[in-house]
Amino acid sequence: MEQTLSIIKPDAVAKGVIGKIIDRFESEQLRIVATKKIQLSKQDAQSFYAVHAERPFFKDLVDFMISGPVVVSVLEGENAVLVHRDLMGATDPKEAEIGTIRADFAENIDANAVHGSDSVENAKNEIRFFFADRELT
Ligand code: IDP
Ligand code: MG
């Protein structure tokens, strides 16, 4: 069993597709361990995406991530990290395979609907960033 962190980004929350996206997780046997809708502060977004701090798109990414509420969830299942990344599709929705979340719900690479951890190690850190032990049931 593996855990991963999902963020439904402000564009997808504003579109009203939280339920549709979570349904895809459960349809692929990813169990919802924890979930909550929150408003990130600028500092939250900067530290969550610190690995991208030197990239040219960093400021736009932070501004976008704080432009409205997000839904953060912990998903659990066999190969959860990879299963979730496959469901999400490529970072650029134009390159995402048909039937993936980003192909179906994202507009462009800046507003691309979802985040997913890219490794088991990063998943652990990202889960700890958002959730206290008592929230992980
Ligand atoms: P990922 O979300 O598919 O893991 P990362 O490379 O980790 O992609 O990038 C994090 C986020 O930064 C992306 O989801 C996207 O919102 C944004 N991003 C990545 N590359 C670009 C870019 O070239 N232009 C604008 N935004 C980008
Ligand atoms: Mg990433």
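These numbers come from a predicted model, not from an experiment.

A word on the nonpolar core
Now for step 1: Of all hydrophobic cores here, the largest spans 20 residues; its most connected members are L5, I7, M65, V74, F130 and F131.
Now for step 2: Breaking this core down by element, the ones donating at least two residues are β1 (2-8), β2 (31-38), α3 (42-48), α4 (58-65), β3 (70-77) and α7 (120-130).
Now for step 3: Ranked by residue count, the leading element in this core is α4, at five residues.
Now for step 4: Excluding residues that lie within four positions of it along the chain, F130 makes contacts with L5, I7, K36, I38, L40, F48, V72 and E135.
Now for step 5: By size, the runner-up hydrophobic cluster in this structure holds 18 residues, among which are V13, I21, I22 and M88.

Thoughts on α4
Now for step 1: When we look at burial in α4, the residues that qualify are F58, L61, V62, F64 and M65. Along the axis of α4, the buried positions cluster into a sector of 165°, meaning they face one direction only.
Now for step 2: Looking at the packing, one finds that the buried side of α4 touches β1, α1 (10-15), α3 and β3.

A short note on the sheet that holds strand β4 (residues 114-116)
Now for step 1: Within the open sheet, the four strands sit side by side as β2-β3-β1-β4. Their pairing is antiparallel. Each edge of the open sheet carries a strand with a single partner, namely β2 and β4. The average angle at which neighbouring strand axes cross in this sheet is 15°, direction not considered.
Now for step 2: Sheet analysis places β1 next to β4, joined by three bridges and oriented antiparallel. Residue pairing for β4: I7 is matched across the bridge by H115.
Now for step 3: Here helix α5 (residues 80-88) sits on the sheet and contacts β1, β3 and β4; the angle it forms with β1, its principal contact strand, is near 30°.
Now for step 4: Where α7 meets the sheet, it contacts β1, β2, β3 and β4, and its direction lies at approximately 60° from that of β1.

Some details on the pattern of salt bridges
When their charged atoms lie close together, side chains carrying opposite charge are able to pair.
Now for step 1: One pass over the structure, following the stated rule, counts six salt bridges.
Now for step 2: Salt-bridge contacts for D104 lead to R24; the nearest nitrogen and oxygen are separated by 2.9 Å. Of the two residues, D104 sits in helix α6 (residues 101-105) while R24 sits in helix α2 (residues 18-27), which places them 80 residues apart along the sequence.
Now for step 3: Look at D104 and you get partly exposed, because its relative accessible area is 38%.
Now for step 4: Taking the relative accessible area as the measure of exposure, R24 reaches 22% and is therefore partly exposed.
Now for step 5: For R31, the salt bridge goes to E76, with nearest N and O atoms at 3.1 Å. Residue R31 is located in strand β2, and its partner E76 is located in strand β3; the two are separated by 45 residues in the primary sequence.
Now for step 6: Judged by its relative accessible area of 41%, R31 is partly exposed.

Basis of the calculations
- Residues numbered from 1 in each chain as written.
- Chains lettered and ligands numbered in written order.
- Predicted model: local features only at pLDDT ≥ 70, side-chain atom pairs only at ≥ 80, totals over all residues.
- Heavy atoms only, no water.
- Core = buried A, V, L, I, M, F, W, Y, C linked by side-chain atoms within 4.5 Å.
- Buried < 20%, exposed > 50% of the residue type's maximum accessible area, 1.4 Å probe, protein only.
- Helix = DSSP H or I, 4+ residues; strand = E, 2+ residues; numbered from the N terminus.
- Contact = heavy atoms within 4.5 Å.
- Arc of directions from axis to C-beta.
- Pairing = 2+ DSSP bridges.
- Axes fitted to C-alpha atoms, helices over the stretch in contact; angles between N-to-C directions.
- Salt bridge = Lys/Arg side-chain N within 4 Å of Asp/Glu carboxyl O.

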